[in-house]
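Coordinate inspection notes
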Amino acid sequence: MSGKVLLLEDDTLFGETLVDFLEEEGFEVDHYTDSRSAADSLFEKKGYDIYLLDVNVPGMNGFELLERLRASGDETPAIYITSARDKEALFTGFNSGADDYMKKPIDLDELILRIRVQLRRHTGAKKMSVGPYLFDMERLVLYKDEEPLALPRKLAELLALLLSNRGEVVSSEEILSELYGDESPGNGVIRVYINKLKQLFGKESISNIRGIGYCFEA
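Residues numbered from 1 in each chain as written. Predicted model: local features only at pLDDT ≥ 70, side-chain atom pairs only at ≥ 80, totals over all residues. Heavy atoms only, no water.

1. Description of the sheet that holds strand S2 (residues 28-32)
Strand order in the open sheet formed by five strands is S2-S1-S3-S4-S5, and the pairing between neighbours is parallel. Edge positions in the sheet fall to S2 and strand S5 (100-103), since each of these pairs with one other strand and no more. If you compare each strand with its neighbour and ignore which way they point, the axes differ by 15 degrees on average. Taken together, the three bridges between strand S3 (residues 50-53) and strand S4 (residues 78-82) define a ladder with parallel strand orientation. By the bridge assignment for S4, Leu52 is matched with Ile79. In this fold helix H1 (residues 12-24) packs onto strand S1 (4-8), S2, S3 and S4, with an angle of close to 170 degrees to the strand it touches most, S2. Sitting on the sheet, helix H2 (residues 35-43) touches S1, S2 and S3, and the angle it makes with S1 is about 155 degrees. (Pairing = 2+ DSSP bridges. Helix = DSSP H or I, 4+ residues; strand = E, 2+ residues; numbered from the N terminus. Axes fitted to C-alpha atoms, helices over the stretch in contact; angles between N-to-C directions. Contact = heavy atoms within 4.5 Å.)

Set out below in structure tokens:
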């Protein structure tokens, strides 16, 4: 499981450590050291899958930033990573809309576990970003510039399956089973659908693992 991360952390060295670690785990990370830059990125609707937020940063603090996001209807999962250790900060963090809260110094392996828990919790009923597109995982509707695009039902189901396993290989057998049950039409139809998805998202968006299956990497 992977995704796109917005990291707000004004400690440059620690931030770079987090970026390196998360990228090794297959995540795409945008790192900002002040809330103004982070807010500008969010305004551009880059479609993040999770927010990792420090609290004491230049500009508005992390609590205020998340409060504004929640007030605007943004339900993207958010984890605070902060040196604040008192109970009042903990309460403020969760009251501002956080899904989780970690006190520095943090264990990186624990961080990745917490991230994956949040992504699993939010995957089933959220819109996932793919470049300029948003895909509603529940309704199986693909949007571009807020306009729905017509996708054949099976193509939408395949896209949902690949996105729910983003960054991981999904076997051809699993795809056929999920889409058709016991009435499999064979691998040829999968290749047709994969090519249609590549036309939408780019040739490099999906890797063909020969003899095994496919991996959505965009």
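After that view of the structure, there is still more to cover.
2. Observations regarding the packing of aromatic side chains
Summed over all chains, the structure comprises six aromatic pairs. Relative to Tyr80, the ring of Phe63 has its centre 5.0 Å away and its plane inclined at 85 degrees; by these criteria the two rings are edge-to-face. Residue Phe63 is located in helix H3 (residues 62-71), and its partner Tyr80 is located in strand S4; the two are separated by 17 residues in the primary sequence. Given a relative accessible area of 11%, Phe63 falls into the buried group. Residue Tyr80 is classed as buried on the basis of its relative accessible area of 0%. On the numbers, 5.6 Å between centres and 70 degrees between planes, the contact of Phe201 with Phe216 is edge-to-face. Residue Phe201 is located in helix H8 (residues 187-201), and its partner Phe216 is located in strand S12 (residues 213-216); the two are separated by 15 residues in the primary sequence. Among the residues examined, Phe201 registers a relative accessible area of 15% and is labelled buried. One aromatic cluster is present, formed by Phe63, Tyr80, Phe94 and Tyr101 through successive ring pairs. Just above the ring of Tyr48 sits the side chain of Lys4; from NZ or CZ to the centre is 5.4 Å. (Phe/Tyr/Trp six-rings, centres within 6.5 Å; stacked < 30°, edge-to-face > 60°. Buried < 20%, exposed > 50% of the residue type's maximum accessible area, 1.4 Å probe, protein only. Lys NZ or Arg CZ within 6 Å of the ring centre and 35° of its normal.)

3. Looking at the environment of Asn208
As for its placement among the helices and strands, Asn208 is situated in strand S11 (residues 206-209). Judged by its relative accessible area of 46%, Asn208 is partly exposed. C-alpha of Asn208 to C-alpha of Val170: the two residues are 38 residues apart in sequence and 9.9 Å apart in space. Once residues lying within four places of it in the same chain are set aside, the contact partners of Asn208 are Gly213 and Tyr214.

4. Some words on the nonpolar core
Phe135 and Leu162 are the most contacted members of the largest nonpolar core, which totals 27 residues. Contributions of two or more residues to this core are made by strand S6 (127-130), strand S7 (133-136), helix H6 (153-164), helix H7 (172-180), H8 and S12. With eight residues, H6 is the largest single contributor of residues to this core. (Core = buried A, V, L, I, M, F, W, Y, C linked by side-chain atoms within 4.5 Å.)

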